[in-house]
Amino acid sequence: MYDLHNPEQSHFPPAKRPITEGSSESFKRVKIEHEEPEKTLHSTEHGGPSDAPAADTKQGKRDAAGWAKSRRGKAKDTKNKGRRRGTRDHDKDGQKEGEEQGPRAPRLPKKQSALLIGFCGTGCNGMQIQPDVRTIEGVLFDALVRAGAVSSDNADDPVKVNLGRAARTDAGVHAAGNLVSMKLITAIPGVEDWVARVNEELPPEIRVWGSVRVQNSFNARMSCDSRKYTYFFPSYLLIPPKPGSGFQRAYEQHTQSMQGVVPLDASAHPFWSAPESHSSSSMDDLVRKRMWRISADQVELIRETAKKFEGTHNFHNFTVGREFGDRSNQRHMWKIEISDPAVYGDTEWISVLFHGQSFMLHQRKMMSALVLSCRTGTPGQVIDELYGPRIVMVPKMPALGLLLEYPIFDSYNKKVTSINEKIEPSHPDYRPEIDFEKHRESIDAFKQTFIYDNMRCIEDRDGVFDAWVRSIDTYGGDDLLYLNPKGIIPAAAVIKKGDKRDNPFKEKRKFDLTSFPDKQGIPVIEDDEETESKLNKSRLEDMEG
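Residues numbered from 1 in each chain as written. Predicted model: local features only at pLDDT ≥ 70, side-chain atom pairs only at ≥ 80, totals over all residues. Heavy atoms only, no water.

### So, the overall build of the protein chain
Along its length, the protein chain carries 13 helices and 10 strands. A total of 545 residues make up the protein chain; the buried ones form 47% of that total. Partitioning the intrachain contacts of the protein chain with sequence separation of at least 6 by distance along the chain shows that 74% fall at a separation of at least 24. Accessible area of the protein chain: about 29000 Å², with a carbon and sulfur share of 50%. (Helix = DSSP H or I, 4+ residues; strand = E, 2+ residues; numbered from the N terminus. Buried < 20%, exposed > 50% of the residue type's maximum accessible area, 1.4 Å probe, protein only. Contact = heavy atoms within 4.5 Å. Areas by Shrake-Rupley, 256 points an atom, 1.4 Å probe, with all protein chains shown as cover.)

Written as structure tokens, this is what we have:
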């Protein structure tokens, strides 16, 4: 037998023994026995034996010749010794995996469940769980762990319980109804009403309306047929730009080169023609704006323009990170409804209900295009122009006014109804319908206290919407020149990828917030240009709802 450490032997492998007929030793065994010294010799030819095992450069479980690899001479793999799949490297007491541990709690059965929730988004960085920031899902998941609906083994990663959501909301955006699905322990020992127990662990601005046992194949986002959002804004946003402002000067200069049009004369508008407006401050203007009431003709104008969103269109200009040719830009809006104006306190408000199959990231750009076109006398044709291949800058409306009403699951409900007709409610395959209307009374009370009252209080205190529209009016560059009497995008307003623009419009980050620490007027937040990170397609899809 060959011995690597015997100096009297040659450091070359011995010749292969011939296999005689009838030998009980297989050729495979001979092949491995003769190749093993070569591996050992190769690992020591650069300076003697090494404590580390030889690196195996072969891929898979067989070598280049097709023979099974041997693990002789390799270090024993103890990486996962004593470890259960899905557990942390350290337990709560800092004990390392693999060390002797006490008895584990008994495993409890989990069921695929849908949680119907509502929340005020103030103080949260959006719906979806993110590291190191407060989010709706993060707060909810922690409450489920504390209540016992999620086991300690799964407490470190929501992916283990298949956490999903029907609609994602941006930072600060509210939801009267949303749905998250995951595998939950619904029979918690010693807990009679586990939903009530979870609500005890949640702050009052986040509520679980109820739980529905769903099919194991249920996917919250893919099973959702459509969503309803409402946007609220003060009607004074429809007052034309202030005469002499940067926007008005750029508008007038651009319209001088356009033939056959009658530009908007803001100075002739009843609000700006009043004598007190000639030398008024922004605060003086805001007081008068809150007392302003729009006409019935203006309400009809915004309703007609909103119809341009209905149907299937390419919404690439109303989101971020999407090229014109991306098929996912095609979205279908079922209906846009605009309510009659209503006065709360001193301010008149208008609500716009969007019912769509799904919505792009930063859907508030749709509201911005609607409001800005109506207040500048731009024809509704500009909305059609924005569906075209040219890229322009469409600002986002403040997050303060956006509310997710609820997601709709008509197709799923029809599916389970057809199954339920053939079985009894006690049958294990019986699945209830997903219905937010069962909780309408609780939802409406929550909306009034935590969303409507909060929204109007912040606007009355800080004038967020007025600050936003003044940021539009002070801009005198080319980016917004598509707001003109013809409703046609001029070349000066087109954004070309990679080209640096002179005087680009700068978004203000403070308008992405719904709560402000400074209670002495407009929030003190550094103005900065909105910089959007480049997100891959799968990440964008996960951020949309």
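### Here we look at helix 12 (residues 464-473)
The buried fraction of helix 12 is high, at nine of 10 residues. Every buried residue of helix 12 is accounted for by Val464, Phe465, Asp466, Ala467, Trp468, Val469, Ser471, Ile472 and Asp473.

### Comments concerning the UniProt feature "active site" (unreviewed entry) in the protein chain
According to UniProt, the positions carrying the feature "active site" (unreviewed entry) are Asp170. A relative accessible area of 11% means that Asp170 is categorised as buried. (UniProt positions renumbered as here; feature names shortened; annotations may be inferred.)

### Some points on the pairing of strand 5 (residues 226-234)
Most of strand 5 sits inside the fold, with eight of its nine residues counted as buried. Bridge count between strand 5 and strand 10 (residues 402-408): six bridges; the pairing is antiparallel. Across the sheet, the residue bridging to Thr230 is Leu403, located in strand 10. (Pairing = 2+ DSSP bridges.)

### With respect to the environment of Pro341
Along the polypeptide, Pro341 turns up in the loop between strand 7 (330-338) and strand 8 (342-344). Sequence-wise, Pro341 and Pro234 are 107 residues apart; in three dimensions their C-alpha atoms are separated by 9.0 Å. Not counting chain neighbours up to four residues away, the residues in contact with Pro341 comprise Ile294, Val299, Glu348, Trp349 and Ile350.

### Structural notes on the environment of Asp429
The topology assignment puts Asp429 in the loop between helix 10 (410-420) and helix 11 (440-462). Residue classification places Asp429 among the partly exposed positions, given a relative accessible area of 47%. Here the alpha-carbon distance between Asp429 and Gln215, two residues 214 residues apart in the chain, equals 8.1 Å. Not counting chain neighbours up to four residues away, the residues in contact with Asp429 comprise Ile419, Asn420 and Ile423.

### Brief notes about the state of the cysteines
The tally for this structure, following the rule as stated, stands at zero disulfides. As a non-bridged cysteine, Cys120 has Cys124 as the owner of its nearest cysteine sulfur, 8.4 Å distant. (Disulfide = S-S within 2.5 Å.)

### As for the pattern of salt bridges
In this structure the tally under the stated criterion is 26 salt bridges. Ionic pairing is found between Glu137 and Arg165, a salt bridge with its closest N-O pair at 2.4 Å. With Glu137 in helix 2 (residues 136-147) and Arg165 in strand 2 (residues 164-165), this residue pair connects regions lying 28 residues apart in the sequence. Residue Lys308 is joined to Asp384 by a salt bridge in which the shortest nitrogen-to-oxygen separation is 2.9 Å. Of this pair, Lys308 sits in the loop between helix 7 (296-306) and strand 6 (311-314) while Asp384 sits in helix 9 (residues 381-386); the two residues are 76 residues apart in sequence, bridging distant segments of the chain. Overall, Lys308 belongs to the partly exposed group, its relative accessible area being 31%. Here the residues in one salt-bridge network are Arg146, Arg197, Glu200 and Glu201, joined through shared partners. (Salt bridge = Lys/Arg side-chain N within 4 Å of Asp/Glu carboxyl O.)

### Re the packing of aromatic side chains
Using the criterion set out here, one finds 18 aromatic pairs in the structure. For the ring pair Tyr231 and Phe465, a centre distance of 6.5 Å and an interplane angle of 85 degrees mean the geometry is edge-to-face. Note that Tyr231 is positioned in strand 5 and Phe465 in helix 12, a separation of 234 residues in sequence. Ring geometry for Phe318 and Tyr387: centres 6.1 Å apart, planes at 55 degrees, overall tilted. Here Phe318 is found in the loop between strand 6 and strand 7, whereas its partner Tyr387 is found in the loop between helix 9 and strand 10, with 69 residues between them in sequence. Pair check on accessibility: Phe318 and Tyr387 agree, each one buried. Taken together, Phe309, Phe315, Phe318, Phe354 and Tyr387 form an aromatic cluster joined through their ring pairs. When the ring centre of Phe271 is taken as reference, the NZ or CZ atom of Arg288 above it lies at 4.1 Å. The aromatic ring of Tyr344 is capped on one face by Arg456, whose charged end is 3.6 Å from the ring centroid. (Phe/Tyr/Trp six-rings, centres within 6.5 Å; stacked < 30°, edge-to-face > 60°. Lys NZ or Arg CZ within 6 Å of the ring centre and 35° of its normal.)

### Considerations on the confidence of the model for the protein chain
Within the protein chain, residue pLDDT values average 81, and 75% of them lie at 70 or more. Every residue in residues 79-96 scores below 50 in pLDDT, and together they form 26 contacts with partners more than four places removed in sequence or on other chains. Throughout residues 518-536 the model reports pLDDT below 50, and contacts reaching past four residues in sequence, or to other chains, amount to 37 contacts. (pLDDT = per-residue confidence, 0-100.)

### A closer look at helix 3 (residues 194-201)
Buried residues of helix 3: Trp194, Val195, Val198 and Asn199, and no others. Considered in projection along helix 3, the buried side chains sweep an arc of 145 degrees and stay on one side of the axis. In this structure, the buried side of helix 3 is in contact with strand 1 (111-119), helix 2, strand 3 (174-184) and strand 4 (206-213). Two to three positions downstream of the cap, the backbone nitrogen of Val195 sits 3.3 Å from a side-chain oxygen, assigning the N-cap of helix 3 to Asp193. (Arc of directions from axis to C-beta. Polar contact = N/O pair within 3.5 Å; in protein donor to acceptor, adjacent residues only side chain to side chain.)

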